[in-house]
Amino acid sequence: MSTTTLTQSGAKLDLQRTRKPGSSPFSPLRIAAFIVLLLLAVGWLLPFLWAVATAFKTENDAASTNPSWIGEHGVTIDAFTSILSQGNVWIWALNSLWTSVAVTLITLAISALAAYVFARLEFPGRRLLYYAVLASIVVPPQVLIIPLFYEMLAFNLVDTHMGLILPQVVAPTMVFILTRFFKAIPIELEEAARIDGASRLRIFWSIVLPLSRPILASVAIFVFIGAWNNFLWPFLVINDTTLMTLPVGLQTVISAYGVQYAQVMAQAVLASVPLIVVFLIFQKQIVKGIATTGLGGQ
Amino acid sequence: MSATTAPIRVSTGGLQKGERLISWAMLTPFLIAFVLFLVWPILHGFYLSFTDQSLTGAGGDWVGIANYLEALTDPVMWGSMGNTLWFTLLSTVPLVIVALVMAVLVDRGLPGQWLWRLSFFTPYLLASTVISQIWVWIFNPQIGAANALLAKFGIAPIAWLQNPDTNMIAIVIATVWWTVGFNFLLYLAALQNIPAQQYEAAAIDGAGGWRQFWSITLPQLGPITALIVMLQILASLKLFDQAYQMLGGVSSDTTRSIIQYIYETGFVGYRFGYSAAISYVFFALIIIVGLIQALVTRRKGQ
């Protein structure tokens, strides 16, 4: 299990702990905390649940001036079938999926390689380069949309998936996080392999990467969420309806639908399902990853 | 292998050459992307900001600092800048405090941890389009849940997004709901890193729940709070998606963010050069905010 790898790298996080020591299981404070938490959690889920409930209403019920959880005309999946029968939604979902996976894989590969060099290898100019990458964290990607668009025009990449994917693969923050993690791996593990004559790439591939699985997973998840939900760049670079991603495609049809709230909400729910599934599967990894990145540490 | 190998750290010329080669080989893919999609756009955008380049390819003549002079006297630019700062102020405070409250409550070790995590983090997973659709509909003056809720307290309906006095508030509410989950997870991870022995020792000394919270938990959260505040300010300054979408792409003087203005001058008004100049004014603002932030945290640290 991943717990062992985490322990090896010296950063163990106890997620199994059920309560803070020193507090009794049924103290008034704990019960009060539980009630507040319950209210907060329900309140936080409410808007989303409300959207889900509306997606299962008829259009008339969804636009009712006297809103209720279940419409007068009962529960229906009309809104879903009507959207899914429109073809484009499936194309957009596939576009989103493959471009997000591509962004994630490329980002992970090039960032991990670079981070290993910054963490372990010495050559003139390494420090300077690393600080340049660090400094670029403050550059808001939105500031670059004009020159990037210009560049894509020059490369003939406007309205292509390449033009959508490539500018998203530079992630200085991820390089920083991975560098910090690689530095924390005990160097002895690698020295032993070097004595055995292993090459740098071999060490990277068969020692460093396996030890870094949890951090690679959480970096991958955050890059994936970011790419899946990215709006501005895909919105600018893609005009062809069949090449759009889900968020951009949905935005273009909202005005076309006018006030068809059930359909709009059904779309919203459909677009969210993949990410919620990803989170449900990896949620422990995500919290652990944040902790081990040092983002959560002291 | 023989254990008597000479110390491998001794660098012979050949070995170092190999290392250097492999270093550059491993760095190259990232460096190419870094230069092509970050360094070059920064430099080229800076150049464009001194020209009258248009989106259609026309123009491109050097105009010196004319764009910057125009930006500095452009009321819409200052209005957008003001909106962006106002949004940053309004959103950062609740986004830090609510996240802290959530994390502290969850960290108390209450049963059902996965459920709390799911409740608070789910909105962060949703695309801005989805968020905007949900909240436009909640804020609908006639059929929206927000006014239905207010009606229960006898408060008259509000035209949330249509009214220039309330539309920014509506955007802030939607944003806090949307993004607080990330800060919550950062806080939660930090809380779970506080050694349990500290609490044990405090409990032995007779410190109760509140005392432990004030004397152990809060001080330990200092560094992560500084980090979260900084990340949050930088994130809030980048306001665009939800404000643009919740108003249906219509430009409102009270919600137009600086990024929306960059988009409008460049891609609607076709003035790439001017748009690039505003980008750099915005970038300057980010750097100033970053410096202020750095100064404040350094002073606190001393």
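Model, not experiment: these values are computed from the prediction.

Participant: Before we go on, may I ask you to explain the overall build of chain B in this structure?
Facilitator: Each helix and strand in chain B was counted, giving 13 helices and zero strands. If you list the helices and strands of chain B from N to C, you get α-α-α-α-α-α-α-α-α-α-α-α-α. For 302 residues, the compact-globule formula gives about 19 Å, and the C-alpha radius of gyration of chain B, at 26 Å, lies well above that figure. Judged by the C-alpha coordinates and their principal axes, chain B covers about 70 × 65 × 35 Å. For chain B, buried positions account for 53% of its 302 residues. In chain B, once contacts between residues fewer than 6 apart in sequence are set aside, the share between residues at least 24 apart is 64%. With an accessible surface of roughly 13400 Å², chain B has 70% of that area assigned to carbon and sulfur atoms. Taken together, the 13 basic and 12 acidic charged side chains of chain B have centroids lying 13 Å from each other.

Participant: So what exactly am I meant to see when it comes to the domain arrangement of chain A here?
Facilitator: Often, the extent of an interface is quoted as the loss of accessible area on bringing the components together. All names here are of chain A. What the domain assignment lists for chain A is domain 1 (31-75) and domain 2 (91-292). The gap between the C-alpha centroids of domain 1 and domain 2 is 34 Å. Taken residue by residue, the interface counts nine residues in domain 1 and 10 residues in domain 2. Counting the surface domain 1 buries against domain 2, the share from its top three residues, F48, A55 and E59, is 60%. Our enumeration of links across domain 1 and domain 2 arrives at zero salt bridges. Contributions of two or more residues to the side of domain 1 that touches domain 2 are made by α2 (28-55) and α3 (59-62). Considering every element that reaches the side of domain 1 that touches domain 2, the biggest residue donor is α2, with five residues. Tallied by class, the residues present in the side of domain 1 that touches domain 2 amount to five nonpolar, two polar and two charged.

Participant: Help me understand the UniProt feature "transmembrane region" (unreviewed entry) in chain B, please; the structure alone is not making it clear to me.
Facilitator: All names here are of chain B. UniProt's feature table lists "transmembrane region" (unreviewed entry) at residues 21-43, 85-106, 118-138, 168-190, 221-240 and 277-296, given in the numbering used throughout. Here residues 168-190 is 100% helix and 0% strand, with 32 Å between the C-alpha atoms at its ends. Counted over residues 221-240, helix gives 80% and strand 0%. Its end C-alpha atoms are 30 Å apart.

Participant: Is there a simple way to think about the environment of A:A171 in this case?
Facilitator: On the secondary structure map, A:A171 appears in the loop between α8 (161-165) and α9 (172-184). On the accessibility criterion, A:A171 (14% relative accessible area) is buried. C-alpha separation for the pair A:A171 and A:L148, spaced 23 residues apart in sequence, amounts to 15 Å. Contact partners of A:A171, with chain neighbours within four places excluded, come to A:T107, A:S111 and B:F30.

Participant: Quick question: what am I supposed to make of helix α8 (residues 196-204) of chain B here?
Facilitator: The periodicity of an α-helix, 3.6 residues per turn, causes residues three or four positions apart to be oriented the same way. Residue and element names in this part refer to chain B. Those residues of α8 that sit buried are A196, Y199 and A202. Down the axis of α8, the buried side of the element spans an arc of 125°, and every buried residue falls inside it. Exposed residues on α8 whose side chains face more than 90 degrees from its buried face are Q197 and I204. Contact partners of the buried residues in α8: α9 (209-220). At the exit of α8 stands G206, carrying a positive phi of roughly 90°.

Participant: Is there a simple way to explain the packing of aromatic side chains in this structure?
Facilitator: Two aromatic rings are characterised by how far apart their centres lie and by the angle between their planes. All chains considered together, the criterion is met by 38 aromatic pairs over all chains. Ring geometry for B:Y124 versus B:F182: centroids 5.4 Å apart, planes at 20°, classification stacked. Highlighted residues: B:Y124 in helix α4 (residues 113-125) and B:F182 in helix α7 (residues 167-192), separated in sequence by 58 residues. Look at B:F182 and you get buried, because its relative accessible area is 18%. Members of the aromatic cluster, connected to one another through ring pairs, are A:F149, A:Y150, A:F231, A:F235, B:F240, B:Y244, B:Y263, B:F267 and B:F272. Across from the ring centre of A:W50, 4.3 Å away, lies the NZ or CZ of A:K57, which sits over that ring.

Calculation notes
Positions within a chain are numbered from 1, following the residues in the order the chain's sequence is written. Chain A is the first chain written and ligand 1 is the first ligand written, with later ones labelled in order. Given that the model is predicted, a residue must reach a pLDDT of at least 70 before its local features are reported, and side-chain atom pairs must reach 80 or more before they are shown or counted; all residues, however, enter totals for whole chains, interfaces and linings. Side-chain measures here rest on the full set of heavy atoms in the structure, leaving out hydrogens and waters. By definition, any uninterrupted DSSP run of H or I lasting at least four residues is a helix, any uninterrupted run of E lasting at least two residues is a strand, and each is numbered from the N terminus. Computation of the radius of gyration draws on C-alpha atoms, with the globule rule given as 2.2 Å multiplied by the number of residues to the power 0.38. When accessible area is computed with a 1.4 Å probe and restricted to protein chains, residues below 20% of their type maximum are described as buried, those above 50% as exposed, and intermediate ones as partly exposed. Two residues form a contact once any of their heavy atoms are found within 4.5 Å. Using the Shrake-Rupley algorithm and a 1.4 Å probe, accessible areas are obtained, with residue cover drawn only from the displayed protein chains. Asp and Glu count as negative and Lys and Arg as positive, but His and the ends of the chain are not part of the count. A single reference atom marks each charge: NZ on Lys, CZ on Arg, CG on Asp, CD on Glu. Each domain's extent is set by a domain assignment, obtained either automatically or from a database. When two parts are put together, the accessible area they lose, computed with a 1.4 Å probe and summed over both, is reported as buried area. We count a salt bridge whenever a side-chain nitrogen from Lys or Arg sits within 4 Å of a carboxyl oxygen from Asp or Glu. Basically, the charged four are Asp, Glu, Lys and Arg, the nonpolar ten are Ala, Val, Leu, Ile, Met, Phe, Trp, Tyr, Cys and Pro, and anything else, Gly included, counts as polar. UniProt positions are given in the numbering used here, feature names are shortened, and annotations may be inferred rather than shown by experiment. Directions are taken from the helix axis to each C-beta atom, and the arc is the one they span. Between rings of Phe, Tyr and Trp, where Trp is taken as its six-membered ring, a pair exists when centres lie within 6.5 Å; planes separated by under 30 degrees are stacked, by over 60 edge-to-face, and by other angles tilted. Should the NZ of a Lys or the CZ of an Arg lie within 6 Å of a ring centre and within 35 degrees of the ring normal, that charge is described as sitting over the ring.

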